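Observations on the three-dimensional arrangement
What follows is each chain in one-letter form.
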Amino acid sequence: MSQPALQPVPRVGLVGWRGMVGSVLMQRMSEERDFDAIETTFFSTSTAGKPAPKITGCKVFDPILRDGNDVNALKTMDIIITCQGGDYTKAIYKPLREAGWKGHWIDASKILRMDDDAIIILDPINMPVIKTALSKGISNWIGGNCTVSCMLMGVGALYKAGLVEWMQTSTYQAASGGGAPNMRELLVQYGALYAEVKDLLDDPASAILEIDRKVTAKQRAFTPEETTNFRGIPLGGNLIPWIDADRGDGTSLEEWKGGAETNKIMGLGSMFGTPEIPIDSTCVRIGSMRCHSQSLTFKLKKDVPLADIEDMIKNDNPWAKFVPNERVATETQLTAKNVAGTMNIPVGRVRKLAMGPEYLGTFTIGDQLLWGAAEPLRRMLRIIQGDIA
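So, a few notes on the structure that sits alongside this text. Since we're looking at a predicted model, the values are computed, not measured.

Per the stated rule, a full pass over the model turns up seven aromatic pairs. Taking 6.4 Å as the distance between ring centres and 75 degrees as the angle between the ring planes, the aromatic pair formed by Trp101 and Trp105 counts as edge-to-face. Like Trp101, the residue Trp105 is buried in the burial classification. Residues Tyr159 and Phe298 carry aromatic rings whose centres are separated by 6.3 Å and whose planes lie at 70 degrees to one another, so their mutual orientation is edge-to-face. In this pair, Tyr159 is assigned in helix 5 (residues 146-160) and Phe298 in strand 12 (residues 292-300), connecting sequence segments 139 residues apart. Of the residues examined, Tyr159 reaches a relative accessible area of 8% and is grouped as buried. A connected cluster of aromatic rings, assembled from ring pairs, spans Tyr93, Trp101 and Trp105.

Quick look at unusual backbone geometry now. Here the phi dihedral of Arg33 falls at roughly 60 degrees; this positive angle occurs in a residue that is not glycine. Turning to its location among the elements, Arg33 is positioned in the loop between helix 1 (20-31) and strand 2 (39-44).

Summed over the entire model, instances satisfying the criterion amount to 22 salt bridges. For Lys110, the salt bridge goes to Asp244, with nearest N and O atoms at 3.6 Å. Taken together, the residues Lys110 in the loop between strand 6 (104-107) and strand 7 (118-121) and Asp244 in the loop between strand 10 (239-240) and helix 8 (253-265) connect sequence positions 134 residues apart. The class for Lys110 is partly exposed, based on a relative accessible area of 38%. Judged by relative accessible area, Asp244 falls into the partly exposed class, the value being 33%.

This part is about the pairing of strand 9 (residues 164-173). Judged from the eight bridges that link them, strand 9 and strand 12 form a sheet pairing that is antiparallel. Following the sheet pairing, Thr169 is matched in strand 12 by Leu296. Two elements, strand 9 and strand 11 (residues 279-286), share seven bridges in a ladder whose sense is parallel. What sits directly across from Gln173, in strand 11, is Arg285.

Moving on to the sheet that holds strand 13 (residues 320-322). Across the sheet, seven strands lie side by side as 10-11-9-12-15-14-13; this open sheet has mixed pairing. Across the chains shown, the open sheet's two edge strands, defined by having one partner strand only, are strand 10 and strand 13. Where strand 14 (residues 345-353) lies against strand 15 (residues 356-366), five bridges are found, and the strand directions are antiparallel. Bridge pairing links Arg351 to Gly361 in strand 15.

Rules and cut-offs
- Residues numbered from 1 in each chain as written.
- Predicted model: local features only at pLDDT ≥ 70, side-chain atom pairs only at ≥ 80, totals over all residues.
- Heavy atoms only, no water.
- Phe/Tyr/Trp six-rings, centres within 6.5 Å; stacked < 30°, edge-to-face > 60°.
- Buried < 20%, exposed > 50% of the residue type's maximum accessible area, 1.4 Å probe, protein only.
- Helix = DSSP H or I, 4+ residues; strand = E, 2+ residues; numbered from the N terminus.
- Salt bridge = Lys/Arg side-chain N within 4 Å of Asp/Glu carboxyl O.
- Pairing = 2+ DSSP bridges.

Structure (structure tokens):
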């Protein structure tokens, strides 16, 4: 299998660039001047024919929005980057390939992640896997699950070193993982809860148990319209210990992804002819706006000094930020408030556990919209161009 040579200035089609992940992608591509070396065509599934956006440094090949459902128009692209979602991939990808298109498909959705002819991209962690796939002519590059990608950006060094016998993770995932409407719904609920008890909060003599009672009663009284995006469950002041579809075996689809995608990213499993590492997850949605965090328990294959583990995390990639296992450092650095909107992946609470010297505990957090979504896509574009080696 071979890929056609890229044009000196490759033509790149962008689909889904106005959504939440797409908007972050556009911002990052502008900041990193990714548009300077490509000719960009913007596609839309709803407003084709209207003027294309004007972005500084962007060489727009077509001044109007092309139809994102037009296979013939898409076929003229060397590279397509889509943040349009799974339904779009289901509708367009197969007809596009069947029409003879041999370009690179870079996709934020999960639809193709586990296909044998697709690679989950996270180049600071799995560049050897990506390079091998490129040499074999693979051209489907898929962004990983946001929680998995952020986790591996923090503790991928342990996997690279072959130290992990198994891992268990409890995740604390923000509303942003559900999308923009979910984030809006969370804020509306918080506002409604505040309004319900504002008069009591304004009175220093009011009883906190009465405030708590009214908040709980309001949560239980939210209407279906006020809880549409989290399946009828209010997230404001609450948590939901289940994310994504029920697999019928006591696990959710989100929990399955933790093991399946981690192994594929690291080049482990039947596709690569190697055993998988057992990984179990319990995934919880919390009332945070943005950033996913995880409490991790590792069983290592051998006892490794804690100082060596800390050095591995510090030196693995420029974005993993080791946080000393101390109260003040943890409270100030290992939080969503500190991480939101940044490329940093703090890793803290690193300690040996009471179960034995081969057992390690850590805690990581990362912005779900950056390393968890947009950043691997834009970096894959640069890898294809030969700008990231």
